[in-house]
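# Close look at the chain arrangement
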Amino acid sequence: MRVGVVGLGMSGLRAAMLLERAGFETKLFEARGRPGGRLHTSDEGDGVLYETGGEWIDADHERIIDLLKEFDLEPDPKGAWPKRLQYRGKHTTEDLIWTDALEDDLRVERAVRDMCEGLKSPAWENVQALDWDRRTVTDFLCEHTESERGLWYVNAKYRSDEGDDLDRVGLLGWLAGFQNYLDREGDELSAFRFPGGASRLCNLMLGTLKTEAHFSRVLERVRQDATGVTLVFSDGEERVDRVILTLPPRALEKVVFEPALSVGKRCAIEACQLSRAIKISWHFKEAWWKNHAWGGSMLCDNSLQQTWDGSLGDAAVMSAYICGDEATRWIQKGDPVNEGLFELSQLFPEASKQFVRGWVHDWVRDPYAQGAFTHLAPGYVLEHMRYITPQESRVHFAGDHTATWTGFIEGAVESAERVVAEIVAIESAEPKSSA
Ligand SMILES: Cc1cc2nc3c(=O)[nH]c(=O)nc-3n(C[C@H](O)[C@H](O)[C@H](O)COP(=O)(O)OP(=O)(O)OC[C@H]3O[C@@H](n4cnc5c(N)ncnc54)[C@H](O)[C@@H]3O)c2cc1C
């Protein structure tokens, strides 16, 4: 029994490991010249390392924490510095947040908890919540906040998690995601990073596989029949018994399926939104932010939106993460690195003095992702969500867009576990065949 895995991001790598463990022969393909997909640690030499993609692990992301432990890696805890909040020329820290913003934050959280109570899983079972599915998170936050500063704060905080403007995110999908957070205590959000960078784990995962992975192979067409699946790449064909496709929705949309996928699946793929997010990373001579008794993490009301200490090696790196319409504006700028540095220097003049060099990573124009990660648009849950995950005969689907931890690294691993269990169940029920 030979199973093809196309896409060697976190979901494909984990699926390949689990398939091998379950005794399947595998064939592995990836369009890029490296594993990891939207996880990638850039190594610029001289100890300058930073993440261009996914970076943070929440304390309850148990699958990814366990996976690190499988490789004797301990998740790297974030520093104890509280996040700086910068609004209209004033600043404070999250532990000493302004009273009006704190009250609004608590009001929003209470309302979310009340609404989550009684929500059914899977999310599309909540047909009574048609109104919530049509509304946006922005509508909800506006309704439950009283101060302008509070609205700014909750918007900035939740936007960071969704990776896009919250008027593009449906309330029901957001609440369904929030259910994952209900048991959280204290500071579990963004609690850890990958020790040595995410690419280290991805390369270790690749190194455990018995089958050689084929890189720079772009899937163009999938033909399936009663006995197997033919995968058509830009440079040739491969035959397998079943295939797991982990391609993000925009990449999946470009693949031609023969016979065509069901209407429900096609519409679900098309409606599945990826957030618009970019990262700017600056290498500085030293971590000047520590001189301000500040760890580098900031939510701000200027167009940089959010920063943190992105250093992974010895060198000082600060990263800014910009989402939504603002991300689109930034990538149209001639020189985002220097323009971002200018914004930062308005708050901290040392930034320009300490600057060495910088980089921008535009996930919106990345050819194999075309966006950062999945968020659930208004109307998506009730109309489309149920169709995104199920297999279509011998073609199986994984990736962060098919998980309950939608849009997270944890979700990518979750989807790998689910899809391998799906194949194991089918194969143990069916007589053996070979392609
Ligand atoms: C800027 C940014 C910040 C993020 N921050 C976080 C964070 O802090 N915490 C968190 O949990 N998550 C974060 N994420 C999301 C996280 O990175 C993703 O959820 C996760 O990496 C997705 O893994 P995946 O395997 O589902 O998809 P991918 O990593 O996209 O893997 C799919 C693979 O398919 C390949 N592919 C595409 N098209 C083809 C084709 N035609 N043929 C062959 N192969 C193809 C791609 O090259 C890719 O390697 C972030 C993402 C970005 C971009």
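Here the structure is shown first, and the text comes after it.
Everything numeric in this text was worked out from a predicted model, so none of it was measured.

The subject of this paragraph is the packing of helix α3 (residues 99-116) against helix α7 (residues 171-178). Remark: α3 packs on α7, axes separated minimally by 10 Å, with the N-to-C direction vectors making an angle of 90°. By the angle class used here, α3 and α7 are roughly perpendicular. Here Val112, Met115 and Cys116 of α3 come into contact with α7, specifically with Leu171, Trp174, Leu175 and Phe178. The class makeup of the residues in the contact of α3 with α7 is seven nonpolar, no polar and no charged.

Gaps left between atoms show up when a probe the size of a water molecule is rolled over them. Of the volumes computed, that of the second largest pocket is approximately 360 Å³. In this structure, the second largest pocket is lined by 22 residues; those nearest its centre are Pro122, Ala123, Met385, Ala403 and Thr404. For the lining of the second largest pocket, the leading source of residues is α7, giving three residues. Across the lining of the second largest pocket, the residue classes tally to nine nonpolar, ten polar and three charged.

It is worth spelling out empty space enclosed by the protein at this point. Scanning all chains against the criterion turns up one cavity of 30 Å³ or more. Approximately 200 Å³ is the volume attributed to the largest cavity. If you trace the largest cavity, you find 18 residues lining it, with Glu162, Gly177, Tyr181, Thr406 and Phe408 closest to the centre. Those elements that place two or more of their residues in the lining of the largest cavity are α6 (148-162), α7 and β22 (374-375).

Here we come to the site of the ligand. Close to the ligand lie 35 residues; Ser11, Glu30, Arg38, Trp56 and Asp400 are nearest. Here a nitrogen atom of the ligand sits 3.2 Å away from a polar atom, N or O, in the main chain of Ala31. Interatomic distance of 3.5 Å between a backbone N/O atom of Gly407 and an oxygen atom of the ligand. Considering the ligand on its own, with 1,000 Å² of exposed area, one finds that the protein chains cover 97% of that surface.

What follows concerns the environment of Arg239. Of note, Arg239 is situated in strand β13 (residues 236-240). A relative accessible area of 25% places Arg239 in the partly exposed class. Separated by 2.9 Å, the side chains of Arg239 and Asp225 make a polar contact.

Conventions we followed
- For every chain, the first residue of its written sequence is number 1, and the numbers climb from 1 along that sequence.
- Selection of residues for local features in this predicted model requires a pLDDT of at least 70, selection of side-chain atom pairs for listing and counting requires 80 or more, and totals for whole chains, interfaces and linings are taken over all residues.
- Hydrogens and waters are ignored; side-chain quantities use all the structure's heavy atoms.
- Note on geometry: axes are lines fitted to C-alpha atoms, helical ones only across the stretch in contact, with angles between N-to-C directions running from 0 to 180 degrees.
- The way it works is that DSSP assigns letters per residue, a run of H or I at least four long becomes a helix, a run of E at least two long becomes a strand, and they are numbered from the N terminus.
- For classification, angles of less than 35 degrees are called roughly parallel, those exceeding 145 degrees roughly antiparallel, those between 65 and 115 degrees roughly perpendicular, and all remaining angles oblique.
- Contacts between residues were defined by any pair of non-hydrogen atoms, one from each residue, lying within 4.5 Å.
- Ten residue types, Ala, Val, Leu, Ile, Met, Phe, Trp, Tyr, Cys and Pro, are classed as nonpolar, four, Asp, Glu, Lys and Arg, as charged, and the remainder, Gly among them, as polar.
- Here a cavity is any set of points on a 1 Å grid over the protein atoms alone where a 1.4 Å probe fits but cannot get out, and a pocket is any open set with protein on both sides within 12 Å along at least 5 of 7 lines; a residue lines the site when it has an atom within 4 Å of a point.
- Grid points are joined across faces, edges and corners, and a volume is the space filled by probe spheres set on the points.
- The near set for a molecule or strand comprises every residue that places at least one heavy atom within 4 Å of it.
- Side-chain atoms alone can form a polar contact between residues adjacent in sequence; in general such a contact is a pair of N or O atoms within 3.5 Å, and within protein one must be able to donate a hydrogen while the other accepts it.
- Residue burial considers only the protein chains on display, and all accessible areas are found by Shrake-Rupley using a 1.4 Å probe.
- Burial status follows relative accessibility: with a 1.4 Å probe on protein chains alone, a residue under 20% of its type maximum counts as buried, one over 50% as exposed, and anything between as partly exposed.

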